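A look at the structure
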Amino acid sequence: MNLLPRILLVLMTLSSVVTNAQTGLPVFAGKVNSIQPTKYGVVIKAENAYAQIYSYTPAVIRIRVTRQEPADDFSYAVIRQPSSFFHDIMEARDSTTVMTDSLQVVIYKNPLRFAIRSLKGEVISEDDAGLPVSWQGTEVTSYRKLFPDEKFLGLGEKTGNLDKRGNSFENWNSDVPAYATNHDPLYQSIPFFIGIHGTSTYGIFLDNSYRTRFNFGASTDERFSSFSAADGEMDYYFFGASTVAGIIRDYTWLTGRMQMPPYWSLGYQQCRWSYFPESQLMSIAQQFRDKQIPCDVLYLDIDYMDSYKIFTWNKERFQQPKAMTDKLNGMGFHLATIVDPGIKVEKGYFAYDEGVANDYFAKYPDGSYYIGSVWPGRCHFPDFTMEPVRKWWGASFSRLSGQGVEGFWNDMNEPSAWGQSIPNIVQFGFEGRKAAITRVHNLYGLEMSRATFEGTKTLLQGKRPFVLTRAGYAGIQRYSAVWTGDNDATDEHMLLSARMVTGLGLSGVSFTGPDVGGFMGNPTEQLFTRWMSLGVYTPFFRNHSAWETKSKEPWAFGTNVERTVKAMIEQRYRLLPYLYSAFHESTVSGLPVARSLAINYTFDEKVYWWKYQNEFMFGDNVLVVPVSCNQDAAKVYLPAGGWYRLSSGEFYKGSSEVTVDAPLNDLPVFVKASGIIPMQSDIQFTAQKPDPTLDVHVYNGDKPNSFIYYEDDGLTYQFETGQYFQRTITFDPVKKQIIFSKAEGNFVSKFTSIRIVLHSFGEMMTLRCGGKDYSVKIKSLNERTVEIPAGNKEEAVYSY
C-alpha cells in the first residue's frame with residue numbers, strides 16, 4: 001500500500017492549520033470524508049474535524065465536534081446517557097439525514113455543517129451556510145442562521161432584557177460587588193438558551209466550562225448568531241420540544257432537577273453582614289416574635305468565625321453555639337451560616353493541616369499550592385474536582401451541623417480572591433484527568449455546592465439541608481438555591497432582580513432570589529416597602545444588607561412601614577400551601593416557581609415589550625407585576641384569558657393593557673380566571689400548626705383548570721418512600737364541577753377540613769356531592785365559601 005499520498009495530505013493539512021494559527025485566520029471543519037452509523041447515532045470524519053451525533057430522547061440531540069479524535073467524554077452537568085432513538089438514515093448527494101420520531105438532523109457534506117428540522121422539513125436551527133464550525137487558535141465557534149423574528153431567552157443569571165437579541169454575553173463566574181444593571185458577566189455561568197422564531201421553539205446547551213461567549217446578532221448586521229468557547233470542544237445539546245415548557249423539562253431531565261427543600265426555607269429569611277455577638281442575634285429573634293412578624297431563618301455572616309477561618313467559631317462572640325441554636329429552634333428559627341472556600345494558611349488550623357497532609361488543594365504545575373488572599377488572609381483553595389476532597393469538605397461541616405446549623409451559605413466561590421486574577425496555570429485533579437483553572441473556574445461553585453450538599457445531607461441524618469450559593473454552572477439546581485449576588489438598593493436593581501430570577505428559571509434553576517432591599521446602599525422607606533412586597537412572590541425570600549449600611553429589619557423604617565411589611569410577610573405564609581406545591585412541581589417537571597411570561601405566552605409579542613418584560617407568573621395561577629417604588633399606578637399587560645386582582649377580586653379581560661392602582665401596600669398581583677389557590681391561616685413560623693381548615697380559592701372562568709396540591713413533613717426524605725399527600729383539584733366550568741381526586745401517598749394532611757372559597761360564582765347557594773348538599777355562605781359581593789370534609793381520601797365531585 002502506497003502511504004505517500006496520505007502522508008502528503010496530512011502534512012498539507014497540518015501546514016494549513018499551522019499557518020492559520022499563526023495568522024489568526026479560522027480553520028473550518030472542511031469536507032466530510034466519511035459518516036458511520038453507531039448504536040446511538042453517527043460518527044463523522046471531516047478534513048479538519050471529527051463529529052459525533054447522539055440521541056438522548058426523540059427531541060434531545062447531542063452534537064460534538066472536535067479537532068482531534070475525541071477520547072474522554074465527561075461532564076459535571078449532564079446526568080443522562082445517550083439512547084437509541086435514531087431510526088432512519090437518508091442519503092442525498094450533498095447531505096445525510098438521520099431521523100428520530102421528532103426531529104431530522106441534516107449533515108451537509110461540503111463543508112461539514114448541521115441543520116435541525118421538524119419532521120415536516122421546517123428548519124428549526126442550522127449552521128450559517130457560509131460559516132460552519134471553526135477554530136481560531138483554541139477558540140471554537142458555531143455560527144448559526146439568524147431568523148428575522150428570532151428571540152433569545154435564558155443564559156441564567158444575566159442582566160439586560162428578557163429577549164437578548166442584539167446583545168452578546170460572556171460566561172466567566174465573577175465577583176462583582178454593586179454590579180451595574182448592564183454588567184456582564186456575573187456570578188453564574190449557565191450556557192443554555194432558548195430560541196423562538198415563527199412558530200418554532202428550540203434550546204441549545206453548550207456543555208463547555210471554559211470561558212464561553214454568546215452573540216445573539218450583536219455587531220453582525222444580524223447575519224448570524226453564534227456561541228463559542230475559549231478552548232475545549234464544540235459540544236452542545238439541541239432541544240426540539242414544541243414549547244418553552246417542554247424545552248425546560250427536557251433540559252432539566254438532562255442536567256437534573258432540584259430536590260425538595262426544607263419547608264422552613266420557603267419562609268421569610270433575615271440576614272445582615274453581620275449579626276454579632278450572640279446577644280444581638282437573639283435580640284433580633286426575640287423582636288420578630290414579640291412583634292409577631294413571621295420569620296423562619298436567621299443568618300450569621302463571616303464575623304461568627306475565628307479570624308474568618310472556615311468551620312470555626314469566634315468563642316468571644318458565640319461562646320456556646322449549640323445552646324444558642326437550641327434556643328433559636330425553640331423559638332421556631334433555623335440558623336444558616338456562611339462558608340467561603342479559602343482555607344487560611346496557618347499551621348495548627350485543622351483544615352489547613354488536613355488539607356496539606358492529604359494533598360487537597362489546587363496547585364501550580366511545580367506542585368506547590370496556589371495561595372490567594374481573601375478574608376482570612378493568605379489561603380489555599382480546596383480542589384472540589386476530586387471526590388476525596390468533596391467528602392472531606394462535606395464531613396468538615398460537622399463543626400457547624402453539630403452546633404445546630406441547618407443552612408449552609410456558600411459564598412466567594414467563583415472562586416474569588418483579592419485582585420480577581422487567579423493565574424491560568426493553577427491546576428486541579430478533575431477526577432484524575434487534570435485540568436487548569438481555565439476549565440475548572442466556572443465549575444468551582446457547582447462542585448463546592450455539591451460537596452456542601454452531599455456532606456450536610458449525610459450529617460443531618462435524614463433531614464433536608466438548605467444550601468445556598470452565589471456561583472454555579474449548569475446543573476446547580478441539583479444541589480443548591482441561588483441568590484443573585486451583591487446588588488444595590490435602587491429601583492433599577494429591584495426591577496432587574498425580577499428578570500434575573502425568571503432568567504434563572506428559564507435555565508432550570510427554580511429556587512432563586514435577590515437580596516431583598518439591596519445588599520449595598522440604603523433603600524428609602526418606599527423602596528424597602530416595595531421590594532418586600534415583591535419578595536413575597538420570589539422563591540427565595542431573604543432580606544440582606546452590607547456592612548456599614550442601615551438596618552433593614554422589617555421594623556427598621558418606623559411603625560407604618562413595619563405594619564405594612566408585616567402584612568406582606570403574613571401573606572407569604574398564607575400562600576405556603578400553594579408555594580410548596582409549586583416547588584414540588586419543579587422537582588417533577590423542572591418548571592420554575594417564578595416563570596417568565598414567555599413560558600406560557602411564548603408567541604404573544606407584548607410579553608417581550610420593555611415595559612412588560614418584568615411581569616412573571618408565580619406558580620401556575622398568579623401573575624405578578626413588579627412596579628417601581630415611586631409609582632402609585634402602573635400600566636400592566638394581562639395576557640389571554642381573564643384575570644382577577646388578588647387584593648380586591650376585580651375582574652379584567654385578558655389580552656389587554658390596563659392601568660391599575662399600585663400603592664406601596666398593594667403590589668399589582670392577579671389570579672388567572674379558573675385559577676386555584678390553596679391557602680392557610682396566619683402562622684409565625686413554618687413549624688407552627690395552622691388552623692385545621694385549608695382554604696381552596698377557586699376563581700370562576702370559562703376554561704377547565706387543575707392544580708396538584710402537595711404536602712409532606714417538610715423536613716425529611718420520607719416522601720421518597722410514600723410519606724406524602726398529593727391530590728389534584730380540578731375546576732370544570734363546562735360540567736359545573738369542582739373535583740378533588742383520590743389522594744395519593746401515605747402522609748396524613750395537617751388539614752382536617754377544606755373551605756372552598758368561590759370567587760365570582762354569582763348566586764350559587766349549594767354544592768352537591770354524593771347526594772349531600774353543602775350550604776354556601778356569602779362572604780362578600782363576589783366571594784362565597786363552603787366547608788367540606790378533608791379526611792376522605794377518595795375522589796369527591798362537587799357540583800353547582
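Here, the structure is the one placed above.
Everything in this summary refers to the structure shown in the same document. The model shown is predicted, which means the values in this text are computed figures rather than measured ones.

Parameters at a glance
- Residues numbered from 1 in each chain as written.
- Predicted model: local features only at pLDDT ≥ 70, side-chain atom pairs only at ≥ 80, totals over all residues.
- Heavy atoms only, no water.
- Phe/Tyr/Trp six-rings, centres within 6.5 Å; stacked < 30°, edge-to-face > 60°.
- Buried < 20%, exposed > 50% of the residue type's maximum accessible area, 1.4 Å probe, protein only.
- Helix = DSSP H or I, 4+ residues; strand = E, 2+ residues; numbered from the N terminus.
- Lys NZ or Arg CZ within 6 Å of the ring centre and 35° of its normal.
- Pairing = 2+ DSSP bridges.
- Axes fitted to C-alpha atoms, helices over the stretch in contact; angles between N-to-C directions.
- Contact = heavy atoms within 4.5 Å.
- Parallel < 35°, antiparallel > 145°, perpendicular 65-115°, else oblique.
- Nonpolar A, V, L, I, M, F, W, Y, C, P; charged D, E, K, R; others polar.
- Salt bridge = Lys/Arg side-chain N within 4 Å of Asp/Glu carboxyl O.

Considerations on the packing of aromatic side chains
- All chains considered together, the criterion is met by 73 aromatic pairs.
- Measuring from ring centre to ring centre gives 5.4 Å for Phe 227 and Tyr 236, while their planes differ by 80°; the resulting arrangement is edge-to-face. Comparing Phe 227 with Tyr 236 shows no difference in burial state: the two are buried.
- Arranged with centres 6.1 Å apart and planes meeting at 70°, the rings of Trp 264 and Phe 466 form a pair that is edge-to-face. Placement of the pair is Trp 264 in the loop between α2 (244-255) and β21 (269-270) and Phe 466 in strand β30 (residues 466-469), with a sequence separation of 202 residues. An identical accessibility class is assigned to Trp 264 and Phe 466; each is buried.
- Taken together, the aromatic side chains of Phe 152, Phe 169, Phe 193, Tyr 202, Phe 214, Phe 216, Phe 227, Tyr 236 and Phe 238 make up a single cluster linked through ring pairs.
- Here the guanidinium or amino end of Arg 289 rests over the ring plane of Phe 333, the centre of that ring lying 3.8 Å away.

Concerning the sheet that holds strand β6 (residues 88-91)
- Taken in spatial order, the 5 strands of this open sheet run β6-β7-β8-β9-β10, and their pairing is antiparallel. Sheet topology places β6 and β10 (123-126) at the edges, where each strand pairs with a single neighbour. Taking the axes of each pair of neighbouring strands and ignoring which way they run, one obtains an average angle of 20° across the sheet.
- With 4 bridges joining them, β6 and strand β7 (residues 95-99) adopt antiparallel strand pairing. Along β7, the bridge assignment pairs Asp 88 with Met 99.

Structural notes on the pairing of strand β46 (residues 705-711)
- When you tally the buried positions in β46, you get 5 out of 7 residues, the bulk of the element.
- Inspection of the sheet shows β46 paired to strand β47 (residues 725-732) by 7 bridges, in the antiparallel sense. Paired with Tyr 709 across the bridge in β47 is Arg 727.

Examining the environment of Ile 677
- Turning to its location among the elements, Ile 677 is positioned in strand β44 (residues 676-679).
- Judged by its relative accessible area of 2%, Ile 677 falls in the buried class.
- The sequence separation of Ile 677 and His 493 amounts to 184 residues, and the corresponding C-alpha distance is 30 Å.
- Ignoring anything within four residues of it in the chain, the contact list for Ile 677 reads Leu 575, Tyr 578, Asn 621, Val 622, Val 671, Asp 695, Val 696, His 697 and Tyr 699.

A few points about helix α11 (residues 525-535)
- Burial analysis of α11 places 9 of its 11 residues in the buried class, the great majority of the element.
- By the burial criterion, the buried members of α11 are Leu 527, Phe 528, Thr 529, Arg 530, Trp 531, Met 532, Ser 533, Leu 534 and Gly 535.
- Where the residues of α11 are buried, they touch α10 (491-506), β34 (515-516), β35 (542-543), α12 (559-574), β37 (616-618) and β38 (622-624).

Quick word on the packing of α12 against helix α13 (residues 576-589)
- Interhelical geometry of α12 versus α13 gives an angle of 55° and a closest axis separation of 5 Å. When the axis of α12 is compared with that of α13, the two are oblique. Of α13, the residues touching α12 (which contributes Arg 572, Tyr 573 and Arg 574) are Leu 576, Pro 577 and Leu 579.

Considerations on the packing of helix α3 (residues 278-291) against helix α4 (residues 321-330)
- Contact geometry for α3 and α4: axes closest at 11 Å, N-to-C directions at 5°. Between α3 and α4, the crossing angle belongs to the class labelled roughly parallel. Contact residues: α3 offers Glu 278, Leu 281, Met 282 and Ala 285, while α4 offers Met 324, Lys 327 and Leu 328.
- Counted by class, the contact of α3 with α4 contains 5 nonpolar, no polar and 2 charged residues.

Topic: the pattern of salt bridges
- Under the defined criterion, the tally for this structure stands at 47 salt bridges.
- Here Glu 585 ties to Arg 595 by a salt bridge, and the two come within 2.8 Å at their closest N and O atoms. Here the residue Glu 585 occupies a position in helix α13, and Arg 595 occupies one in strand β36 (residues 594-596), the gap between them amounting to 10 residues.
- Judged by its relative accessible area of 2%, Arg 595 is buried.
- Because the salt bridges share partners, they merge into one network encompassing Arg 62, Arg 64, Asp 73, Glu 233 and Asp 235.

Thoughts on unusual backbone geometry
- Following Asp 184, the chain continues into Pro 185 via a peptide bond in cis, with omega recorded as 5°.
- Checked against the element boundaries, Pro 185 lands in the loop between β14 (168-171) and β15 (188-189).
- Of note, the bond from Phe 276 into Pro 277 is cis; its omega dihedral lies within 30 degrees of zero at 0°.
- Locating Pro 277 in the fold gives a position in the loop between β21 and α3.
- Residue Lys 434 is not a glycine yet carries a positive backbone phi of 65°.

Section: the environment of Leu 254
- For Leu 254, the position within the fold is in helix α2.
- Judged by relative accessible area, which is 0%, Leu 254 ranks as buried.
- Sequence-wise, Leu 254 and Tyr 237 are 17 residues apart; in three dimensions their C-alpha atoms are separated by 9.3 Å.
- If we ignore the near neighbours within four places in the chain, the residues touching Leu 254 are Tyr 56, Ala 77, Val 78, Ile 79, Arg 80, Phe 205, Tyr 237 and Phe 239.

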